[in-house]
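Notes for the structure review
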Number of protein chains: 2
Amino acid sequence: MHQTLNAVNESTATGLARLARFFGFSDIMGRLYGTLLLSPEPMSLDDLCDRLQISKGSVSMTMRDLERWGMAKEVWVRGKRRKYYKAESDMWQVIRNVLSGREQREVQLALHVLGESVEKLQAAECQLSPEEQQLARYYLDRIADLQAFFQFAQLALHTVLGSEKSLDFEAITRIEIE
Amino acid sequence: MHQTLNAVNESTATGLARLARFFGFSDIMGRLYGTLLLSPEPMSLDDLCDRLQISKGSVSMTMRDLERWGMAKEVWVRGKRRKYYKAESDMWQVIRNVLSGREQREVQLALHVLGESVEKLQAAECQLSPEEQQLARYYLDRIADLQAFFQFAQLALHTVLGSEKSLDFEAITRIEIE
DNA sequence: CCCATCATTCAAAACATTTTGAACGTTGGG
DNA sequence: CCCAACGTTCAAAATGTTTTGAATGATGGG
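Everything numeric in this text was worked out from a predicted model, so none of it was measured.

**Brief notes about the overall build of chain A**
- Helix and strand counts for chain A stand at seven helices and three strands.
- Listed by position from the N terminus, the elements making up chain A come as α-α-β-α-α-β-β-α-α-α.
- Relative to the globule expectation of 16 Å for 178 residues, the C-alpha radius of gyration of chain A, 23 Å, shows a markedly less compact shape.
- C-alpha extents for chain A along the principal axes are approximately 75 × 40 × 30 Å.
- The proportion of buried residues among the 178 residues of chain A is 28%.

Shown next as structure tokens:
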């Protein structure tokens, strides 16, 4: 294959590895996704091992993750016994999968914990000394700020997840201006 | 101090540690920030060591990071020689600091690399065999998708960073009901 | 100028994550 | 039913990250 094509392949895989890392996934996950994304033909586990020079165990495990996150799909190639994979090439779909899984859970957990703290503080108020009451009010102020942040995040997520097609810019700018 | 106050303190610090980890910072960074956030008085390095049960070296290094990211500030307490710190309590400011540093760089780097790939592919086109040309066009399509994604991210970042307004609790809840 | 009191540094230790590869399933063709 | 060709698993090795603490540097009071 021409050297330029290889170079582009390599830098794309490296860039996606970086992006994966940024989102808390493994390096290999990004490289596998990038490699599949630039392959017009589905690839087998052995193809991927060979291309990326990593063990078959890693590829097998990581492909399962990619499937779980809706970033790759299994493909049957007739006449072949091997498993073949192709990348989900709709980036918006991938983004939505990731956001609706991990990120949304994160935000909801945070809001839940913060809500519990508020309840605890309110319930305990009458048992507190005057100084402690003052501190409790201070806590409630800071917690309110955190809640505002997470509620903003929740709204932003909801907006992105609600959009069926490729995300339009109008939606996001509207949130910020309000 | 009352047990409820301690419990809230602890769960807030733990929650912020989790958030820090999510954003690619260290655990301790989140815990220190959370601890400072819930302290009406500035705290010294030794106060923080004592509260979080971690070595002074860690606290010293991590406080430098927190300062670098605009998440905490040094405070002089008259009559004391120690350094005292307080959290930057404006969450919106903290978010802007983080986004305008790391995240923005990340997006710009990605766009730069993708742009280079497009140039390389276009420059090499005339040297390619017909099959290679077809593959190059496939690459250009996939790269265009990636560029669209990063350009969207860039716009979203720009919008958030451009807004001066800090979000308050009431404003957010009002938006969500609409 | 010296001492006491802090803060900072950084090499090594503790800890956590990722990757490997040999052993073990599974499946389909013969 | 057996073999060959694959996929999967998981304990251990490699690698990467975080934390410690002893040594060192800085600074103000006396």
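**Focus: the protein's contact with DNA strand D**
- What surrounds DNA strand D is a group of 18 residues, the closest being Gly 57 of chain A together with Ile 54, Ser 55, Gly 57 and Ser 58 of chain B.
- Looking at the surface near DNA strand D, the elements that each hand over two or more residues are helix H3 (45–52) and helix H4 (56–68) of chain A together with helix H2 (27–37) and helix H4 (56–68) of chain B.
- By residue number, the principal contributor to the surface near DNA strand D is H4 of chain A, which donates four residues.
- Taken together, the residues of the surface near DNA strand D break down into four nonpolar, seven polar and seven charged.

**A closer look at the sheet that holds strand E2 (residues 72–75) of chain A**
Residues and elements named next belong to chain A.
- With antiparallel pairing, the three strands of this open sheet are ordered in space as E1-E3-E2. Lying at the two open borders of the sheet, with one neighbouring strand each, are strand E1 (43–44) and E2.
- With four bridges connecting them, E2 and strand E3 (residues 84–87) associate as antiparallel partners. Bridging from a neighbouring strand, Ala 72 pairs with Ala 87 of E3.
- Together, E1, E2 and E3 form the strand contacts of helix H2 (residues 27–37), whose direction differs from that of E3 by roughly 90°.

**A closer look at the relation of the copies chain A and chain B**
- Once turned by 180° and shifted 0.0 Å along the axis, chain A lies on chain B with an RMSD of 0.1 Å. The operation mapping one copy onto its partner corresponds to a two-fold rotation axis.
- Looking at chain A, 89% of its interface residues are interface residues in chain B too, so the copies touch through the same face.

**Thoughts on the protein's contact with DNA strand C**
- Every one of the 18 residues lining DNA strand C counts as a neighbour, but Ile 54, Ser 55 and Gly 57 of chain A together with Leu 45 and Gly 57 of chain B are closest to it.
- If you list the elements that add at least two residues to the surface near DNA strand C, you get H2 and H4 of chain A together with helix H3 (45–52) and H4 of chain B.
- Looking at the surface near DNA strand C element by element, the count peaks at four residues for H4 of chain B.
- A class-by-class count of the residues in the surface near DNA strand C yields four nonpolar, seven polar and seven charged.

**Describing the sheet that holds strand E2 (residues 72–75) of chain B**
Residue and element names in this part refer to chain B.
- Taken in spatial order, the three strands line up as E1-E3-E2 in an open sheet, and their pairing is antiparallel. Both outer strands of the open sheet, strand E1 (43–44) and E2, are each paired with one neighbouring strand and no more.
- Against the sheet, H2 contacts E1, E2 and strand E3 (84–87), and its axis sits at roughly 90° relative to E3.

**Things to note about the packing of helix H1 (residues 3–22) of chain B against H2 of chain B**
Residue and element names in this part refer to chain B.
- At a closest axis distance of 7 Å, the pairing of H1 and H2 adopts a crossing angle of 140°. With respect to H2, the element H1 is oriented oblique. The handedness of the crossing between H1 and H2 is right-handed. Contact residues: Thr 12, Ala 13, Leu 16, Ala 17, Arg 18, Leu 19, Ala 20 and Arg 21 in H1; Asp 27, Met 29, Gly 30, Arg 31, Tyr 33, Gly 34 and Thr 35 in H2.
- Split into classes, the residues belonging to the contact of H1 with H2 amount to seven nonpolar, four polar and four charged.

**Concerning unusual backbone geometry**
- Of note in this structure, Gln 53 of chain A is not a glycine but carries a positive phi near 60°.
- Structurally, Gln 53 of chain A can be placed in the loop between H3 and H4.

Reading guide: rules and limits
Residues numbered from 1 in each chain as written. Chains lettered and ligands numbered in written order. Predicted model: local features only at pLDDT ≥ 70, side-chain atom pairs only at ≥ 80, totals over all residues. Helix = DSSP H or I, 4+ residues; strand = E, 2+ residues; numbered from the N terminus. Rg over C-alpha atoms; globule rule 2.2 N^0.38 Å. Buried ≥ 20, exposed ≤ 12 C-beta atoms within 10 Å, placed from the backbone. Near = placed C-beta within 6 Å. Nonpolar A, V, L, I, M, F, W, Y, C, P; charged D, E, K, R; others polar. Pairing = 2+ DSSP bridges. Contact = placed C-beta atoms within 7 Å. Axes fitted to C-alpha atoms, helices over the stretch in contact; angles between N-to-C directions. Least-squares fit on C-alpha atoms with pLDDT ≥ 70 in both. Parallel < 35°, antiparallel > 145°, perpendicular 65-115°, else oblique. Left-handed = near helix turned anticlockwise from the far one by under 90°.

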